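Notes for the structure review
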Amino acid sequence: MPNNTLNLSGKHILLGVSGGIAAYKAPILVRRLVEAGAIVQVVMTANAHHFVTTTTLQAVSGHVVRDDLWDQAAEAAMGHIELARWADHILVAPATAGTIARLANGEASDLLSTLCLASNAPVSLAPAMNQQMFAHPAVQRNLTTLKTDGYQIVGPDSGDQACGDTGLGRMTEPEEIVQALNASSAKIGTGPLAGQTLMVTTGPTREAIDPVRYISNHSSGLQGLAVAEAGRQAGARVILIAGPGVDPCHGDIARFNVTSAQEMYDRVHEHLPETDLFIGVAAVADYRPANAQQQKIKRHTQAEDQVQLPLIENPDIIASVVQAQQAKVVVGFAAETNDTLQNAREKRARKKLDAIVVNDVSDQRIGFNSLDNAVTLIHTGGEIDFGVQPKTAIAEQLISQLAELFAPKLQA
Ligand code: PMT
(Lines give C-alpha, C1' and ligand atoms only; values in the text may rest on other atoms or scores of the structure.)
Protein backbone atom coordinates (compact mmCIF):
# COMPACT_ATOMS: atom_id res chain seq x y z
CA MET A 1 0.00 0.00 0.00
CA PRO A 2 1.50 3.42 -0.92
CA ASN A 3 2.61 5.54 1.99
CA ASN A 4 1.03 8.93 1.47
CA THR A 5 3.08 10.77 4.08
CA LEU A 6 6.33 10.09 2.22
CA ASN A 7 7.20 11.23 -1.22
CA LEU A 8 10.24 9.73 -2.84
CA SER A 9 8.28 9.60 -6.07
CA GLY A 10 10.51 8.80 -9.04
CA LYS A 11 13.71 9.10 -6.97
CA HIS A 12 16.50 6.74 -7.92
CA ILE A 13 17.75 5.17 -4.70
CA LEU A 14 20.83 2.98 -4.80
CA LEU A 15 20.71 0.76 -1.72
CA GLY A 16 24.04 -0.65 -0.61
CA VAL A 17 23.69 -3.68 1.66
CA SER A 18 26.77 -4.69 3.60
CA GLY A 19 27.37 -7.84 5.62
CA GLY A 20 25.84 -7.59 9.06
CA ILE A 21 22.94 -9.41 10.69
CA ALA A 22 20.72 -6.33 10.10
CA ALA A 23 20.91 -7.14 6.38
CA TYR A 24 17.91 -9.39 6.98
CA LYS A 25 15.89 -6.13 7.17
CA ALA A 26 17.09 -4.96 3.75
CA PRO A 27 14.16 -6.49 1.83
CA ILE A 28 11.72 -4.69 4.16
CA LEU A 29 13.66 -1.45 3.61
CA VAL A 30 13.40 -1.92 -0.16
CA ARG A 31 9.64 -2.46 0.18
CA ARG A 32 9.24 0.73 2.23
CA LEU A 33 11.28 2.75 -0.28
CA VAL A 34 9.24 1.40 -3.19
CA GLU A 35 6.00 2.15 -1.31
CA ALA A 36 7.23 5.75 -0.91
CA GLY A 37 7.54 5.95 -4.71
CA ALA A 38 11.30 5.36 -5.12
CA ILE A 39 12.94 3.31 -7.86
CA VAL A 40 15.44 1.10 -6.04
CA GLN A 41 18.52 -0.72 -7.29
CA VAL A 42 20.45 -2.85 -4.81
CA VAL A 43 24.20 -3.39 -4.56
CA MET A 44 25.50 -6.02 -2.10
CA THR A 45 28.96 -6.45 -0.66
CA ALA A 46 30.46 -9.95 -0.71
CA ASN A 47 29.72 -10.43 3.03
CA ALA A 48 26.08 -9.40 2.66
CA HIS A 49 25.44 -12.72 0.90
CA HIS A 50 25.86 -14.47 4.28
CA PHE A 51 22.72 -12.75 5.57
CA VAL A 52 20.31 -12.12 2.70
CA THR A 53 19.83 -13.49 -0.81
CA THR A 54 20.02 -11.70 -4.15
CA THR A 55 16.81 -13.53 -5.14
CA THR A 56 14.84 -11.82 -2.37
CA LEU A 57 16.31 -8.37 -3.01
CA GLN A 58 15.79 -8.74 -6.74
CA ALA A 59 12.17 -9.77 -6.22
CA VAL A 60 11.31 -6.83 -3.95
CA SER A 61 13.24 -4.19 -5.93
CA GLY A 62 12.25 -5.46 -9.38
CA HIS A 63 15.85 -4.93 -10.55
CA VAL A 64 18.89 -7.13 -10.98
CA VAL A 65 21.06 -6.99 -7.86
CA ARG A 66 24.69 -5.99 -8.45
CA ASP A 67 27.55 -7.28 -6.32
CA ASP A 68 30.69 -7.36 -8.43
CA LEU A 69 32.75 -4.58 -9.95
CA TRP A 70 34.09 -7.05 -12.49
CA ASP A 71 30.81 -8.64 -13.64
CA GLN A 72 31.07 -8.21 -17.41
CA ALA A 73 27.44 -9.02 -18.18
CA ALA A 74 26.15 -6.52 -15.60
CA GLU A 75 28.67 -3.89 -16.73
CA ALA A 76 27.46 -4.30 -20.30
CA ALA A 77 23.87 -3.55 -19.18
CA MET A 78 24.62 -0.57 -16.91
CA GLY A 79 28.26 0.15 -16.14
CA HIS A 80 29.19 1.12 -12.59
CA ILE A 81 29.78 4.74 -13.61
CA GLU A 82 26.33 4.89 -15.20
CA LEU A 83 24.91 3.32 -12.03
CA ALA A 84 26.69 5.98 -9.96
CA ARG A 85 25.19 8.70 -12.18
CA TRP A 86 21.77 7.03 -12.12
CA ALA A 87 21.52 7.42 -8.32
CA ASP A 88 19.74 10.45 -6.89
CA HIS A 89 20.63 9.18 -3.42
CA ILE A 90 22.84 6.37 -2.14
CA LEU A 91 21.74 4.65 1.05
CA VAL A 92 24.01 2.12 2.74
CA ALA A 93 21.95 0.02 5.16
CA PRO A 94 23.22 -1.76 7.06
CA ALA A 95 26.59 0.00 7.06
CA THR A 96 28.99 -2.30 8.91
CA ALA A 97 32.21 -1.19 10.64
CA GLY A 98 34.18 -2.56 7.67
CA THR A 99 32.15 -0.67 5.08
CA ILE A 100 32.32 2.52 7.14
CA ALA A 101 36.13 2.17 7.35
CA ARG A 102 36.42 1.64 3.58
CA LEU A 103 34.27 4.70 2.83
CA ALA A 104 36.12 6.87 5.36
CA ASN A 105 39.40 5.92 3.71
CA GLY A 106 38.08 6.65 0.22
CA GLU A 107 38.72 3.09 -0.91
CA ALA A 108 37.42 1.76 -4.21
CA SER A 109 37.94 -1.87 -3.25
CA ASP A 110 34.51 -3.24 -4.16
CA LEU A 111 31.47 -2.19 -6.18
CA LEU A 112 29.71 -0.37 -3.32
CA SER A 113 32.71 1.71 -2.19
CA THR A 114 33.54 2.52 -5.84
CA LEU A 115 29.98 3.72 -6.46
CA CYS A 116 30.09 5.97 -3.40
CA LEU A 117 33.24 7.59 -4.76
CA ALA A 118 32.00 7.83 -8.34
CA SER A 119 28.65 9.43 -7.56
CA ASN A 120 27.85 13.04 -6.74
CA ALA A 121 24.56 11.97 -5.15
CA PRO A 122 24.15 12.44 -1.40
CA VAL A 123 25.07 9.33 0.63
CA SER A 124 23.27 8.23 3.79
CA LEU A 125 24.60 5.50 6.06
CA ALA A 126 22.65 3.46 8.60
CA PRO A 127 25.36 1.95 10.84
CA ALA A 128 24.69 -1.45 12.38
CA MET A 129 27.13 -3.40 14.54
CA ASN A 130 27.81 -4.73 18.01
CA GLN A 131 27.64 -1.96 20.65
CA GLN A 132 31.29 -2.47 21.67
CA MET A 133 32.41 -2.14 18.05
CA PHE A 134 30.28 0.97 17.57
CA ALA A 135 31.84 2.58 20.65
CA HIS A 136 35.38 1.88 19.42
CA PRO A 137 37.35 5.09 18.78
CA ALA A 138 38.29 3.91 15.28
CA VAL A 139 34.64 3.56 14.26
CA GLN A 140 33.76 6.90 15.85
CA ARG A 141 36.73 8.54 14.10
CA ASN A 142 35.61 7.10 10.75
CA LEU A 143 32.06 8.35 11.26
CA THR A 144 33.36 11.84 12.10
CA THR A 145 35.42 11.78 8.89
CA LEU A 146 32.39 10.73 6.86
CA LYS A 147 30.21 13.45 8.41
CA THR A 148 32.90 16.01 7.49
CA ASP A 149 32.83 14.61 3.95
CA GLY A 150 29.08 15.29 3.79
CA TYR A 151 27.69 11.83 4.51
CA GLN A 152 24.42 11.69 6.40
CA ILE A 153 24.43 9.23 9.31
CA VAL A 154 21.07 7.73 10.29
CA GLY A 155 21.13 6.06 13.73
CA PRO A 156 22.09 3.62 15.08
CA ASP A 157 19.46 2.86 17.71
CA SER A 158 19.92 1.41 21.16
CA GLY A 159 18.43 -1.90 22.31
CA ASP A 160 18.83 -5.65 22.36
CA GLN A 161 21.31 -6.92 19.82
CA ALA A 162 21.42 -10.20 17.89
CA CYS A 163 24.68 -11.08 19.69
CA GLY A 164 22.98 -10.86 23.09
CA ASP A 165 24.44 -7.45 24.05
CA THR A 166 22.36 -4.41 24.78
CA GLY A 167 23.42 -0.95 23.66
CA LEU A 168 23.90 1.48 20.81
CA GLY A 169 24.44 -0.28 17.47
CA ARG A 170 21.10 -1.61 16.22
CA MET A 171 20.23 -0.50 12.73
CA THR A 172 17.47 2.10 12.73
CA GLU A 173 14.14 0.58 11.66
CA PRO A 174 13.45 0.68 7.90
CA GLU A 175 10.46 3.04 8.32
CA GLU A 176 12.60 5.60 10.16
CA ILE A 177 15.41 5.34 7.60
CA VAL A 178 12.90 6.12 4.84
CA GLN A 179 11.60 9.09 6.89
CA ALA A 180 15.17 10.42 7.23
CA LEU A 181 15.79 10.06 3.51
CA ASN A 182 12.54 11.79 2.73
CA ALA A 183 13.42 14.69 4.99
CA SER A 184 16.92 15.09 3.56
CA SER A 185 15.69 14.96 -0.05
CA ALA A 186 13.16 17.68 0.75
CA LYS A 187 15.99 20.08 1.62
CA ILE A 188 16.10 22.35 -1.39
CA GLY A 189 16.95 25.97 -1.76
CA THR A 190 20.71 26.13 -1.56
CA GLY A 191 22.97 26.71 -4.56
CA PRO A 192 23.40 29.33 -7.27
CA LEU A 193 19.76 29.08 -8.42
CA ALA A 194 18.24 29.07 -4.93
CA GLY A 195 14.97 30.98 -4.90
CA GLN A 196 14.59 30.80 -8.70
CA THR A 197 12.01 28.85 -10.66
CA LEU A 198 13.43 27.12 -13.71
CA MET A 199 11.19 25.80 -16.46
CA VAL A 200 12.67 23.26 -18.89
CA THR A 201 11.02 21.76 -21.95
CA THR A 202 12.39 18.46 -23.18
CA GLY A 203 11.84 15.58 -25.57
CA PRO A 204 10.08 15.40 -28.90
CA THR A 205 6.53 16.35 -29.73
CA ARG A 206 4.16 14.10 -31.68
CA GLU A 207 1.85 15.57 -34.25
CA ALA A 208 -1.06 13.29 -35.06
CA ILE A 209 -1.78 12.32 -38.66
CA ASP A 210 -4.55 9.95 -37.60
CA PRO A 211 -5.16 7.87 -34.44
CA VAL A 212 -2.23 5.53 -35.22
CA ARG A 213 0.35 7.69 -37.02
CA TYR A 214 2.26 10.81 -36.15
CA ILE A 215 5.15 13.08 -37.16
CA SER A 216 7.99 13.28 -34.63
CA ASN A 217 11.79 13.29 -34.29
CA HIS A 218 14.62 11.41 -32.58
CA SER A 219 14.79 13.40 -29.34
CA SER A 220 15.03 11.20 -26.22
CA GLY A 221 14.63 14.06 -23.75
CA LEU A 222 17.90 13.11 -22.01
CA GLN A 223 19.58 16.48 -22.47
CA GLY A 224 16.59 18.35 -21.07
CA LEU A 225 16.24 15.90 -18.19
CA ALA A 226 19.88 16.51 -17.33
CA VAL A 227 19.35 20.30 -17.44
CA ALA A 228 16.30 19.98 -15.16
CA GLU A 229 18.25 17.82 -12.70
CA ALA A 230 21.26 20.16 -12.74
CA GLY A 231 18.86 23.05 -12.05
CA ARG A 232 17.36 21.15 -9.13
CA GLN A 233 20.81 20.46 -7.74
CA ALA A 234 21.64 24.15 -8.12
CA GLY A 235 18.75 24.90 -5.77
CA ALA A 236 16.04 25.92 -8.25
CA ARG A 237 12.42 24.91 -8.06
CA VAL A 238 12.07 23.07 -11.36
CA ILE A 239 9.09 22.69 -13.69
CA LEU A 240 9.63 20.15 -16.46
CA ILE A 241 7.40 20.01 -19.52
CA ALA A 242 8.21 16.67 -21.10
CA GLY A 243 7.25 15.27 -24.47
CA PRO A 244 6.37 11.60 -25.00
CA GLY A 245 8.78 8.81 -24.04
CA VAL A 246 10.98 10.85 -21.71
CA ASP A 247 12.52 8.89 -18.77
CA PRO A 248 11.40 9.48 -15.16
CA CYS A 249 12.88 12.43 -13.26
CA HIS A 250 13.60 13.30 -9.64
CA GLY A 251 10.46 13.43 -7.48
CA ASP A 252 11.09 17.07 -6.46
CA ILE A 253 10.71 18.22 -10.07
CA ALA A 254 7.18 19.31 -11.00
CA ARG A 255 6.67 17.41 -14.22
CA PHE A 256 3.94 17.79 -16.82
CA ASN A 257 3.74 15.33 -19.69
CA VAL A 258 2.52 16.52 -23.05
CA THR A 259 2.28 15.02 -26.53
CA SER A 260 1.88 17.73 -29.16
CA ALA A 261 3.51 21.13 -29.67
CA GLN A 262 0.19 22.82 -28.96
CA GLU A 263 -0.09 20.98 -25.61
CA MET A 264 3.49 21.95 -24.80
CA TYR A 265 2.69 25.57 -25.66
CA ASP A 266 -0.39 25.50 -23.37
CA ARG A 267 1.47 23.96 -20.41
CA VAL A 268 4.40 26.35 -20.79
CA HIS A 269 2.12 29.38 -20.74
CA GLU A 270 0.13 27.97 -17.80
CA HIS A 271 3.32 27.98 -15.67
CA LEU A 272 5.14 30.91 -17.24
CA PRO A 273 3.99 33.48 -14.67
CA GLU A 274 5.93 31.48 -11.99
CA THR A 275 9.07 31.13 -14.12
CA ASP A 276 12.32 33.09 -13.72
CA LEU A 277 14.57 31.13 -16.08
CA PHE A 278 13.20 29.30 -19.15
CA ILE A 279 15.34 26.77 -21.01
CA GLY A 280 13.82 25.29 -24.18
CA VAL A 281 15.59 21.99 -24.87
CA ALA A 282 12.61 20.30 -26.52
CA ALA A 283 12.73 19.36 -30.17
CA VAL A 284 9.35 20.85 -30.99
CA ALA A 285 7.84 19.92 -34.35
CA ASP A 286 7.67 23.05 -36.46
CA TYR A 287 4.70 21.73 -38.48
CA ARG A 288 1.69 19.53 -37.87
CA PRO A 289 -0.81 17.89 -40.23
CA ALA A 290 -3.43 20.45 -41.14
CA ASN A 291 -6.28 17.98 -40.72
CA ALA A 292 -5.56 15.17 -38.27
CA GLN A 293 -8.02 12.40 -39.12
CA GLN A 294 -10.29 10.92 -36.45
CA GLN A 295 -10.13 7.49 -38.08
CA LYS A 296 -7.17 5.54 -39.45
CA ILE A 297 -6.43 6.55 -43.03
CA LYS A 298 -6.88 3.47 -45.22
CA ARG A 299 -4.20 2.47 -47.69
CA HIS A 300 -6.32 2.44 -50.84
CA THR A 301 -8.74 5.30 -50.41
CA GLN A 302 -7.02 7.31 -53.12
CA ALA A 303 -6.37 6.29 -56.70
CA GLU A 304 -3.10 8.31 -56.99
CA ASP A 305 0.38 6.90 -56.24
CA GLN A 306 1.18 9.82 -53.98
CA VAL A 307 -0.65 10.91 -50.87
CA GLN A 308 -0.58 14.61 -49.98
CA LEU A 309 -0.21 15.56 -46.33
CA PRO A 310 -0.81 19.29 -45.92
CA LEU A 311 1.06 20.74 -42.94
CA ILE A 312 0.49 23.91 -40.97
CA GLU A 313 2.89 25.74 -38.71
CA ASN A 314 2.97 25.05 -34.97
CA PRO A 315 3.35 27.95 -32.55
CA ASP A 316 6.96 28.89 -31.85
CA ILE A 317 6.91 28.26 -28.12
CA ILE A 318 10.17 29.90 -27.17
CA ALA A 319 9.47 33.00 -29.27
CA SER A 320 6.13 33.31 -27.48
CA VAL A 321 7.90 33.00 -24.11
CA VAL A 322 10.19 35.89 -25.05
CA GLN A 323 7.23 37.92 -26.24
CA ALA A 324 5.30 37.32 -22.99
CA GLN A 325 8.13 39.02 -21.01
CA GLN A 326 7.33 36.99 -17.89
CA ALA A 327 10.53 34.95 -17.54
CA LYS A 328 13.61 37.04 -16.70
CA VAL A 329 15.96 34.96 -18.82
CA VAL A 330 15.12 32.82 -21.88
CA VAL A 331 17.61 30.30 -23.23
CA GLY A 332 17.08 28.18 -26.34
CA PHE A 333 18.80 25.15 -27.80
CA ALA A 334 19.53 24.84 -31.51
CA ALA A 335 19.84 21.53 -33.33
CA GLU A 336 21.88 22.23 -36.47
CA THR A 337 23.34 20.02 -39.19
CA ASN A 338 25.35 22.61 -41.14
CA ASP A 339 26.82 26.09 -40.65
CA THR A 340 26.23 25.34 -37.00
CA LEU A 341 27.51 28.47 -35.28
CA GLN A 342 26.30 30.88 -37.94
CA ASN A 343 22.77 29.41 -37.97
CA ALA A 344 22.63 29.44 -34.19
CA ARG A 345 23.77 33.06 -33.94
CA GLU A 346 21.04 34.04 -36.40
CA LYS A 347 18.46 31.93 -34.55
CA ARG A 348 19.33 33.61 -31.25
CA ALA A 349 18.95 37.05 -32.80
CA ARG A 350 15.71 36.15 -34.65
CA LYS A 351 14.06 34.66 -31.54
CA LYS A 352 15.49 37.44 -29.31
CA LEU A 353 16.93 34.89 -26.85
CA ASP A 354 19.28 35.78 -24.00
CA ALA A 355 21.43 32.81 -25.01
CA ILE A 356 21.35 29.78 -27.27
CA VAL A 357 23.05 26.40 -26.86
CA VAL A 358 23.91 24.83 -30.18
CA ASN A 359 24.72 21.21 -31.00
CA ASP A 360 25.65 19.68 -34.33
CA VAL A 361 23.15 16.83 -34.64
CA SER A 362 24.75 15.52 -37.82
CA ASP A 363 27.53 14.15 -35.58
CA GLN A 364 26.36 10.60 -34.69
CA ARG A 365 28.31 10.52 -31.41
CA ILE A 366 26.29 13.32 -29.87
CA GLY A 367 22.95 15.12 -29.91
CA PHE A 368 19.74 13.18 -30.48
CA ASN A 369 19.24 10.04 -28.44
CA SER A 370 22.83 9.62 -27.26
CA LEU A 371 24.32 9.85 -23.77
CA ASP A 372 26.91 12.43 -24.87
CA ASN A 373 26.73 15.88 -26.35
CA ALA A 374 29.03 18.73 -27.40
CA VAL A 375 27.63 22.24 -27.37
CA THR A 376 28.52 25.91 -27.72
CA LEU A 377 26.78 28.44 -25.50
CA ILE A 378 26.26 31.69 -27.42
CA HIS A 379 25.33 34.80 -25.44
CA THR A 380 25.65 38.55 -25.95
CA GLY A 381 29.07 38.67 -24.34
CA GLY A 382 30.71 35.73 -26.12
CA GLU A 383 30.71 32.03 -26.92
CA ILE A 384 31.75 29.12 -24.70
CA ASP A 385 32.57 25.63 -26.06
CA PHE A 386 31.81 22.48 -24.11
CA GLY A 387 33.60 19.54 -25.75
CA VAL A 388 32.20 16.01 -26.06
CA GLN A 389 31.09 14.78 -22.66
CA PRO A 390 28.05 13.18 -20.98
CA LYS A 391 24.85 15.20 -21.20
CA THR A 392 24.73 15.29 -17.40
CA ALA A 393 28.15 16.98 -17.25
CA ILE A 394 27.19 19.45 -20.00
CA ALA A 395 24.00 20.29 -18.11
CA GLU A 396 25.86 20.96 -14.85
CA GLN A 397 28.35 23.28 -16.56
CA LEU A 398 25.61 25.07 -18.49
CA ILE A 399 23.53 25.68 -15.39
CA SER A 400 26.52 27.01 -13.52
CA GLN A 401 27.49 29.30 -16.44
CA LEU A 402 23.93 30.56 -16.90
CA ALA A 403 23.53 31.20 -13.15
CA GLU A 404 26.72 33.25 -13.19
CA LEU A 405 26.15 35.09 -16.50
CA PHE A 406 22.57 36.05 -15.72
CA ALA A 407 22.85 36.56 -11.94
CA PRO A 408 22.12 40.31 -12.25
CA LYS A 409 18.94 39.71 -14.31
CA LEU A 410 17.78 36.77 -12.20
CA GLN A 411 18.34 38.53 -8.92
CA ALA A 412 16.89 41.86 -10.03
O1 PMT B 1 16.58 14.92 -26.43
P2 PMT B 1 17.97 14.38 -26.69
O3 PMT B 1 17.95 13.04 -27.40
O4 PMT B 1 18.80 14.36 -25.44
O5 PMT B 1 18.69 15.36 -27.72
C6 PMT B 1 18.99 16.67 -27.34
C7 PMT B 1 18.62 17.67 -28.44
C8 PMT B 1 19.46 17.40 -29.67
C9 PMT B 1 17.13 17.56 -28.80
C10 PMT B 1 18.88 19.09 -27.83
O11 PMT B 1 20.23 19.21 -27.47
C12 PMT B 1 18.51 20.19 -28.81
O13 PMT B 1 19.24 20.57 -29.70
N14 PMT B 1 17.27 20.76 -28.65
C15 PMT B 1 16.70 21.74 -29.56
C16 PMT B 1 16.05 21.02 -30.71
C17 PMT B 1 15.36 21.97 -31.67
O18 PMT B 1 14.18 21.82 -31.93
O19 PMT B 1 16.10 22.92 -32.16
P20 PMT B 1 15.56 24.06 -33.17
O21 PMT B 1 16.79 24.65 -33.68
O22 PMT B 1 14.58 23.48 -34.13
O23 PMT B 1 14.75 25.05 -32.22
C24 PMT B 1 15.37 26.19 -31.59
C25 PMT B 1 14.69 26.50 -30.28
O26 PMT B 1 13.32 26.82 -30.51
C27 PMT B 1 14.70 25.35 -29.28
O28 PMT B 1 14.90 25.90 -28.00
C29 PMT B 1 13.29 24.77 -29.40
O30 PMT B 1 12.85 24.17 -28.17
C31 PMT B 1 12.48 26.02 -29.73
N32 PMT B 1 11.26 25.78 -30.52
C33 PMT B 1 11.34 25.27 -31.79
C34 PMT B 1 10.19 25.12 -32.53
C35 PMT B 1 8.95 25.50 -31.96
N36 PMT B 1 7.82 25.37 -32.64
N37 PMT B 1 8.90 25.98 -30.71
C38 PMT B 1 10.03 26.14 -29.98
O39 PMT B 1 9.98 26.57 -28.84
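Residues numbered from 1 in each chain as written. Predicted model: local features only at pLDDT ≥ 70, side-chain atom pairs only at ≥ 80, totals over all residues. Heavy atoms only, no water.

A closer look at the side chain of His 12
Rule in force here: Counting from the N terminus, the helices are DSSP H or I runs at least four residues long and the strands are E runs at least two residues long. Here the term buried applies to any residue with accessible area under 20% of the maximum for its type, exposed to any over 50%, and partly exposed to those in between, with areas from a 1.4 Å probe on protein chains only. Pairs of N or O atoms within 3.5 Å make up the polar contacts considered here, provided that, within protein, one atom can donate a hydrogen while the other can accept it, and that residues adjacent in sequence are counted only when both atoms are side-chain atoms. Should any heavy atoms of two residues lie within 4.5 Å, those residues are counted as being in contact.
Within the element layout of this structure, His 12 appears in strand E1 (residues 12–17). Looking at His 12, the relative accessible area reads 14%, which means it is buried. One polar contact links the side chain of His 12 to the main-chain carbonyl oxygen of Trp 86, over a distance of 2.9 Å. His 12 has contacts with Ile 39, Trp 86, Ala 87, Asp 88 and His 89, leaving out every residue within four places of it along the chain.

Remarks on helix H14 (residues 391–405)
What counts, and what does not: Expected span, for any helix, means 1.5 Å times one less than how many residues it has. The directions from the helix axis to the C-beta atoms form the arc being described.
The first and last C-alpha atoms of H14 sit 20 Å apart over 15 residues, in line with the 21 Å expected at 1.5 Å per residue. The set of residues buried in H14 consists of Lys 391, Ile 394, Ala 395, Leu 398, Ile 399, Leu 402 and Ala 403. On an axial view of H14, the arc spanned by its buried residues comes to 155°, and they lie on one face.

Here's the deal with the pattern of salt bridges
Worth spelling out the cut-off: The salt bridge definition used is simple: a Lys or Arg side-chain nitrogen within 4 Å of an Asp or Glu carboxyl oxygen.
Applying the stated rule across the entire model yields 15 salt bridges. Across the pair Glu 35 and Arg 32 runs a salt bridge whose closest N-O atoms are separated by 3.4 Å. Taken as a pair, Glu 35 and Arg 32 lie in helix H1 (residues 26–35) at a separation of 3 residues, close to a single helical turn. For Arg 32, a relative accessible area of 26% corresponds to the partly exposed category. A salt bridge links Glu 270 to Arg 267, with the nearest nitrogen and oxygen atoms 3.1 Å apart. Separated by 3 residues within a single helix, Glu 270 and Arg 267 lie in helix H11 (residues 261–271), roughly one turn from each other. What makes Glu 270 partly exposed here is its relative accessible area of 46%. Via salt bridges that share partners, Lys 25, Arg 170 and Glu 173 belong to a single interconnected network.

Structural notes on the sheet that holds strand E2 (residues 39–44)
To keep things clear, this is the line we draw: Two strands are counted as paired when DSSP detects at least two bridges linking them. Axes, fitted as lines to C-alpha atoms, cover a helix only where it is in contact. Angles between the N-to-C directions of the axes lie from 0 to 180 degrees.
As summarised here, the arrangement of the 5 strands in space is E2-E1-E3-E4-E5, forming an open sheet in which the pairing is parallel. In the strand order of this sheet, the two ends are held by E2 and strand E5 (152–153), each with one partner. Here 4 bridges tie strand E3 (residues 89–95) to strand E4 (residues 123–127), and the two strands are oriented parallel to one another. In the strand pairing of E4, Val 92 is matched with Leu 125. Running over the sheet, helix H6 (residues 111–118) touches E1, E2, E3 and E4 and is turned about 145° from E3.

Thoughts on the layout of surface pockets
Filter applied, for reference: Buriedness for pockets is judged along seven lines, at least five of which must meet protein on both sides within 12 Å for an open set on the 1 Å grid over protein atoms alone, while cavities are sets there where a 1.4 Å probe fits but cannot get out, and lining residues have an atom within 4 Å of a point. Grid points are joined across faces, edges and corners, and a volume is the space filled by probe spheres set on the points. For the purposes of this description, domain bounds are those given by an automatic or database domain assignment. Note on residue classes: Ala, Val, Leu, Ile, Met, Phe, Trp, Tyr, Cys and Pro are nonpolar, Asp, Glu, Lys and Arg are charged, and everything else, Gly too, is polar.
Volume-wise, the largest pocket comes out at about 970 Å³. Looking at the largest pocket, it is lined by 33 residues, and the ones nearest its centre are Glu 82, Arg 85, Trp 86, Leu 222 and Thr 392. Secondary-structure elements contributing two or more residues to the lining of the largest pocket are helix H4 (80–86), helix H10 (222–233) and H14. No other element matches H10, which puts 6 residues into the lining of the largest pocket. Residues from two domains meet in the lining of the largest pocket; each of domain 1 (12–185) and domain 2 (197–290 + 305–410) gives at least three. There is about 790 Å³ of room inside the second largest pocket. What lines the second largest pocket is a set of 41 residues, and nearest its centre among them are Ala 282, Ala 283, Val 284, Phe 333 and Ala 335. Elements that contribute at least two residues to the lining of the second largest pocket include exactly strand E8 (197–202), H10, strand E13 (277–280), helix H12 (317–324), strand E16 (329–336), helix H13 (340–351) and strand E17 (355–360). Of all the elements, E16 adds the most residues to the lining of the second largest pocket, at 4 residues. Class assignment of the residues belonging to the lining of the second largest pocket gives a composition of 18 nonpolar, 16 polar and 7 charged.

Purely geometric numbers; function is a separate question.
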